[in-house]
Amino acid sequence: MRDRPRRARTRSTADRGLSRGALRSVGFLAAGVLAVPALAGCSDPDPAGKPLAGQDIGSAARAQISDGGTLRWAVDAVPETLNTFQSDADAATTRIAQATLPSMFRLDQGGRPERNPDYLESAKIVETEPKQVVLYKLNQQAVWSDGREIGAADFAAQWRALSGRDSAYWTARNAGYDRIEKIERGKGDLEVRVTFARPYADWRSLFSPLYPKEVMGTPDSFNDGARGKLKVSAGPFALKKIDRKNDQVRLTRNPRWWGQRPKLNEILLRAVPRDERAAALAAGHLDLAEIDPAAARRIALAAPPRAATASAGGTPVASGSPLMGPDRRRTTPEQRREAAAFRGFEVRKSLEPTYTQLALNGAEGPLADERVRRAVARAIDRKELAKLVLAPLGLPAEPVGSHLALSGQFAYADNSGAIGGQDTEEAQALLADAGWVPGGPIKEERKAEKAAGAEGKKSGKAEKAGKAEKDAHKGADKDAEKRADKGAEKDADKGADKDTKKDAGKHSASPGGDDGTYVVGGDDKADGDEGREGKHLAQDGKQYGNSQLQQGAAPGAYAPQGTPAPAGAAARPLAKGGKPLTLRFVVPAGEGSQTLRTVADRIGLMLERVGIRTAIIKVSDESYFKDHIASGQYDLALYSWPTSAYPATDARPIYAKPVPAADGSLNVEQNYTRVGTDQVDQLFDQAIATLDESESRSLIRKADSRIWAAAGSIPLYQRPQLTAARTNVANAGAFGFGTPLYEDMGFLKKGTRPSASASSD
C-alpha cells in the first residue's frame, strides 16, 4: 500500500489552478538534534540544527563488496509509467529513474542538494543582470546508452516539454521550467546556458532527472514513449525488462556507464504488498524491503543484537528497543520458531524525510474560527505524541518544529513558538473568547469510534460537528501575524498534565487478535496482540487532485497498541448557541492503520481536557484520502507530507491561500486544510525569486512562522523508516534523505562485516 498525499510543484501565482502534482524524489536525512534558536532570520547559530538520525544502510567500502549478484528489492507495484513527470508516477518510477537516468544534483545525507560529479563538472549562476543565467559544464565522459553525448539538445527538449506552453504534453508539473526563457549551447558541446525570464532560487531542482530528447522531443513520445520502456538511458543501470505477468522490473548494468562500475549485475524490483513482505522475506524471495513495525519486530527476534547506530549528530540510536529487539528470555516457543525463518536478516532503521501532521479543516464549522484552531494546537502535547510513536522503536522522539523542512535541512528552524506550547489554561481562554462555554444542552454519551461503511460513508448515528462559525473574530488574523513576528519564545507548559501511565502491553508478535477498534485508555490491561502484522497504513498513493506519492512507506503514526492514555480529568463539554463543540476526527479503518487510530485517540483525550469532544469516524482506507481529506469531509485528520530540498517550490501549493475558481468552486490546490493567508503567499513568492540563498531561507522560515500562527496544521513527528535487509547486503537500507548510490550496492565478501554505525557526515 502506498502511503501519503503527493506534493505538486506549481506555476506562478496566476497559473496556480492549472498545476498538477508531483514531488521530486526527495533523498534523506533523519533530521537532527534540534538546535532551535528563537526565530528564523536572527543572528543566532544556524537554526537548521543537525540530523536526529543518520542513514542505516550497512555501509561498506567498495573493496569489501563482491562483484556480481542480483539484489531483490521490494516495491509497492510495478510502475504504470517510467516518466517521473507524469501524474501517475510513483515511488518505483523514482527508483528506476535514479538508477538509470542523469540527475544534475542529488541529495546528501542532510537532504541538501549537491552537484552530481558523474554528470556535472560545475553548475553556477554566471549572470544576474539583466537576467539570471546558469551555466552547466557537463562531464566530458557523460553519454547516453546509444553513444550520443548528453548535451544542450536534451536540456532544451525537456524545457519545452515541461514549460507549460504546449498543452499537448500531459505533464504533472512544470514549476521552474515555466520561468526559463531560453536554453542554448555554450562555448563548446559540454556547456549549456540556461537563461531565466524570471529569477528562480530553486534552479538546482531542474533537470533531475534528465530524459533524452528522444523522450521529450514530441508530445507523443512524452505521453506514451516512456511509459513502459526506456530505450535510451545514462545511469549505472539500464532497464532490461518490465515483466507485468510476474510483477517485477529487471535492471542490469549499463555497459556504457563511465563512472564506478556497479557491483551488482542486476537489481530486481519485485512488487510485493506490504502485508506480504514478511512472508516473502522468510521464504527467501527478497533481500531488501521496507516493512511495518509488526514485521520489524518479528525479524528483530531472529537477529543478534546490533551495535547502536550513531545519529548524524553523534548521538547513539539504540537498536535494541522493546519493539526492535526484546529480551529473548521473554519470547514464547512459537515466537522462537517463527524467528528461525528470519535468521540472516536484520532491521535497518532511521527517520524518513516525512512528517505526520494533525490537519484542521478551516473551511467550515467550529474550526473556521482561528481561535478554536489555536485552542486545539495549545491543547496538544506534541512531545508526548512523538514519544508515543518513536520511543518504542528506539528512535529520537522529537516533535517537528517546521512545516517546510526537517531538522538538518537548510530551511529548517523550529518556529512552533509562533503558536506556543501545550497550555490547557490558554486553550480554554481561547475557546471562551470564541464563545464556547461549559454547559448547555449537551447530551452526555461515551466517546466511541464511529464506523463507516465499506464505501467510506459515515454512520447515520455518528456525531456531527457544529455548523460554520460566521462570526469568527476578525482580529485573529492580525494577532496571528503579530505572534509570528515576535519570535519563538516558547510558552511554558502551565496547564499541561504530564502524568501518563506506563506502557502495560507486552508487544507480542502473534498475528491476529486485533479487531481494529482498540481505544487508547479504554483498557489498561496488556492484550498481548500489539505486534500483529497487518495491512499497510492508509492512503493508496494514487493521484487525488494535485497529489503525488513519493518515498513509499507507512503513513502517519507507528505506536504499539495498548499504550495507555495520559491521565487527566476531562473538562466539562463546551457549547455555543445550544450546540456542542464536537469535531469529526476521520481515521482510516484498515487493519494496518491501528497506530493512526491510537494517536487519534490520544489526541482526543488531550482535547477532552479543554472541553472539546471528538467523534471518531472510521472510513475505508480506499476512501480516506480521496473522499474525505481531499474533499474536505472532516474536521480533524492525520496524514503525512514529505519535505523537500526546495520548499519555496514544492511546499507552496500545500499552504497557498484557496481562491475561487471560475466555476464558483474553491481551488485549494493541495491545501486540504483550506487555511491560508495572503502574507504566506507573498513570502513564498519572494523566496522563490530571491537569488541570495541566505535571504531566501529567511523568507521561508518567516512563511513557516505564519503557517504555524494560522493553525491550519500541526506537525507532530518525523516518521520512522524501517527496512529489512540480509545482513550481507551493503550500502542499502534506511536511506532517509540521501539519494541511493546504486553502483555501490552489493553483497559483502565472505568474512566481511558492514559498518556498525551509520555515517555521520
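Residues numbered from 1 in each chain as written. Predicted model: local features only at pLDDT ≥ 70, side-chain atom pairs only at ≥ 80, totals over all residues. Heavy atoms only, no water.

## Here we look at the overall build of the protein chain
Argument step 1. Within the protein chain, the secondary structure is distributed over 17 helices and 28 strands.
Argument step 2. Counting the 761 residues in the protein chain, one finds 62% classified as buried.
Argument step 3. For the protein chain, the share of sequence-separated contacts (at least 6 apart) that also reach a separation of at least 24 residues comes to 78%.
Argument step 4. Summed over all atoms, the accessible surface of the protein chain reaches about 27600 Å², with 48% contributed by carbon and sulfur. (Helix = DSSP H or I, 4+ residues; strand = E, 2+ residues; numbered from the N terminus. Buried < 20%, exposed > 50% of the residue type's maximum accessible area, 1.4 Å probe, protein only. Contact = heavy atoms within 4.5 Å. Areas by Shrake-Rupley, 256 points an atom, 1.4 Å probe, with all protein chains shown as cover.)

## Notes on the sheet that holds strand 19 (residues 574–576)
Hydrogen bonds along the backbone pair up the strands of a sheet, which may run parallel or antiparallel.
Argument step 1. Across the sheet, which stays open at both edges, the 3 strands sit in the order 17-19-20 with antiparallel pairing between neighbours. The sheet terminates laterally at strand 17 (437–438) and strand 20 (579–580), the two strands that pair on one side only.
Argument step 2. Bridge count for strand 17 against strand 19 is 2 bridges, and the pairing is antiparallel. Within strand 19, the position partnered with Pro 438 by the bridge is Leu 574. (Pairing = 2+ DSSP bridges.)

## Details of the pattern of salt bridges
Argument step 1. One pass over the full model with this rule turns up 33 salt bridges.
Argument step 2. The residue Arg 701 makes a salt bridge to Asp 46 at a minimum N-O spacing of 3.8 Å. Taken together, the residues Arg 701 in helix 17 (residues 693–710) and Asp 46 in the loop between strand 1 (30–31) and strand 2 (52–53) connect sequence positions 655 residues apart.
Argument step 3. Overall, Arg 701 belongs to the buried group, its relative accessible area being 8%.
Argument step 4. The class for Asp 46 is partly exposed, based on a relative accessible area of 46%.
Argument step 5. Between Glu 184 and Lys 182 there is a salt bridge, with its nearest N and O atoms 3.9 Å apart.
Argument step 6. Residues joined in a network through salt bridges with shared partners are Asp 76, Arg 274, Arg 277 and Glu 290. (Salt bridge = Lys/Arg side-chain N within 4 Å of Asp/Glu carboxyl O.)

## Remarks on the environment of Val 134
Argument step 1. With respect to the element layout, Val 134 can be found in strand 7 (residues 133–138).
Argument step 2. A relative accessible area of 0% means that Val 134 is categorised as buried.
Argument step 3. For the pair Val 134 and Val 192, spaced 58 residues apart in sequence, the C-alpha separation works out to 8.2 Å.
Argument step 4. Ignoring any residue separated from it by four or fewer positions in sequence, one finds Val 134 in contact with Lys 124, Ile 125, Val 192, Arg 193, Val 194, Phe 196 and Trp 203.

## Remarks on the sheet that holds strand 8 (residues 180–185)
Argument step 1. Taking strand neighbours across the sheet as the criterion, the 4 strands line up as 6-7-9-8 in an open arrangement whose pairing is antiparallel. Each edge of the open sheet carries a strand with a single partner, namely strand 6 (120–127) and strand 8. The average angle at which neighbouring strand axes cross in this sheet is 15°, direction not considered.
Argument step 2. The strands that helix 2 (residues 152–162) touches are strand 7, strand 8 and strand 9 (191–196); relative to strand 8, the one it contacts most, it runs at about 160°. (Axes fitted to C-alpha atoms, helices over the stretch in contact; angles between N-to-C directions.)

## Let's talk about the pairing of strand 3 (residues 70–75)
Argument step 1. Most of strand 3 is tucked away: 5 of the 6 residues are buried.
Argument step 2. Both strand 3 and strand 12 (residues 266–271) contribute to a ladder of 6 bridges, which runs parallel. Opposite Trp 73, over in strand 12, you have Leu 269 as the bridge partner.

## With respect to the nonpolar core
Argument step 1. Residues Tyr 136, Phe 207 and Leu 358 are the most contacted members of the largest nonpolar core, which totals 170 residues.
Argument step 2. Dropping the residues within four chain positions of it, Phe 207 is found in contact with Pro 102, Ser 103, Met 104, Tyr 136, Phe 155, Gln 158, Tyr 177, Ile 180, Ile 183 and Val 194. (Core = buried A, V, L, I, M, F, W, Y, C linked by side-chain atoms within 4.5 Å.)

## Describing the packing of helix 16 (residues 678–688) against helix 17
Argument step 1. One way to put it is that helix 16 packs onto helix 17 with a least axis distance of 8 Å and a crossing angle of 165°. In terms of their interaxial angle, helix 16 and helix 17 are classed as roughly antiparallel. As for how helix 16 packs across helix 17, the hand of that crossing is left-handed. Seen from helix 16, the contacting residues are Gln 679, Val 680, Leu 683, Phe 684, Gln 686 and Ala 687; seen from helix 17, they are Ser 696, Leu 699, Ile 700, Lys 702, Ala 703, Arg 706 and Ile 707.
Argument step 2. Split by residue class, the contact of helix 16 with helix 17 holds 8 nonpolar, 3 polar and 2 charged. (Parallel < 35°, antiparallel > 145°, perpendicular 65-115°, else oblique. Left-handed = near helix turned anticlockwise from the far one by under 90°. Nonpolar A, V, L, I, M, F, W, Y, C, P; charged D, E, K, R; others polar.)

## A word on the packing of helix 9 (residues 382–390) against helix 12 (residues 594–608)
Argument step 1. Between helix 9 and helix 12, whose axes approach to 11 Å, the crossing angle comes to 155°. Taken together, the axes of helix 9 and helix 12 are roughly antiparallel relative to one another. The element helix 9 and its partner helix 12 pack so that their crossing is right-handed. Counting all contacts with helix 9, which are made through Glu 384, Leu 385, Leu 388 and Val 389, the residues of helix 12 involved are Val 599, Arg 602, Ile 603 and Met 606.
Argument step 2. Looking at the contact of helix 9 with helix 12 residue by residue, the class counts come to 6 nonpolar, no polar and 2 charged.

## Describing the confidence of the model for the protein chain
Argument step 1. Summarising the model, the protein chain shows a mean pLDDT of 79, and 72% of its residues fall at 70 or more.
Argument step 2. Across residues 6–43 the pLDDT falls below 50, and counting only partners more than four positions away or on other chains, this stretch makes 205 contacts in the model. (pLDDT = per-residue confidence, 0-100.)

## Notes on helix 9
Argument step 1. Where burial is concerned, most of helix 9 is hidden: 7 out of the 9 residues are buried.
Argument step 2. For helix 9, the set of buried residues is Arg 382, Glu 384, Leu 385, Ala 386, Leu 388, Val 389 and Leu 390.
Argument step 3. Where helix 9 is buried, its residues touch strand 16 (345–360), helix 12, helix 17 and strand 26 (713–726).
Argument step 4. Regarding helix 9, its N-cap is Asp 381, as a side-chain oxygen of that residue lies 3.2 Å from the backbone nitrogen of Lys 383 further along. (Polar contact = N/O pair within 3.5 Å; in protein donor to acceptor, adjacent residues only side chain to side chain.)

## So, the packing of aromatic side chains
Argument step 1. Within the structure shown, the criterion is met by 19 aromatic pairs.
Argument step 2. Each ring, one from Phe 155 and one from Phe 207, has its centre 4.6 Å from the other, and the planes form 50°; the classification is tilted. Note that Phe 155 is positioned in helix 2 and Phe 207 in the loop between strand 9 and helix 3 (213–216), a separation of 52 residues in sequence.
Argument step 3. Centroid distance Tyr 177 to Phe 207: 5.4 Å. Interplanar angle 90°. Geometry classified as edge-to-face. (Phe/Tyr/Trp six-rings, centres within 6.5 Å; stacked < 30°, edge-to-face > 60°.)

## Considerations on helix 17
Argument step 1. Between its first and last C-alpha, helix 17 extends 26 Å over 18 residues, near the 26 Å set by a 1.5 Å rise per residue.
Argument step 2. One side-chain oxygen at the N-terminal end of helix 17 lies 3.0 Å from the backbone nitrogen of Ser 694; it belongs to Asp 692.
Argument step 3. With its phi angle positive at about 55°, Ala 711 sits one or two positions after the end of helix 17. (Expected span 1.5 Å × (residues − 1).)

## Thoughts on the environment of Leu 636
Argument step 1. Its location among the elements puts Leu 636 in strand 23 (residues 636–642).
Argument step 2. Distance in space between the C-alpha atoms of Leu 636 and Ala 600 is 9.0 Å, their sequence separation being 36 residues.
Argument step 3. Once you skip the residues sitting within four places of it in the chain, Leu 636 turns out to touch Leu 358, Ala 359, Leu 360, Leu 367, Leu 583, Arg 584, Phe 585, Val 586, Leu 607 and Thr 614.

## A closer look at the environment of His 285
Argument step 1. By the element assignment, His 285 lies in the loop between helix 5 (277–282) and strand 13 (288–290).
Argument step 2. Overall, His 285 belongs to the partly exposed group, its relative accessible area being 43%.
Argument step 3. Sequence separation between His 285 and Val 272 is 13 residues, and the spatial gap between their C-alpha atoms is 10.0 Å.
Argument step 4. Among residues more than four places away in sequence, those in contact with His 285 are Arg 72, Arg 270 and Ala 280.

## Section: the pairing of strand 22 (residues 613–619)
Argument step 1. In terms of burial, strand 22 is largely enclosed, as 7 of its 7 residues are buried.
Argument step 2. Across the two faces of strand 22 the burial is the same, with Arg 613, Ala 615, Ile 617 and Val 619 and Thr 614, Ile 616 and Lys 618 all buried.
Argument step 3. When strand 21 (residues 582–588) meets strand 22, the two strands line up parallel, connected through 7 bridges. Within strand 22, the residue paired with Phe 585 across the bridge is Ile 616.
Argument step 4. Following the backbone out of strand 21, through helix 12 and into the adjacent parallel strand 22, one traces a crossover that is right-handed. (Right-handed = clockwise from strand over helix to strand, strands pointing away.)

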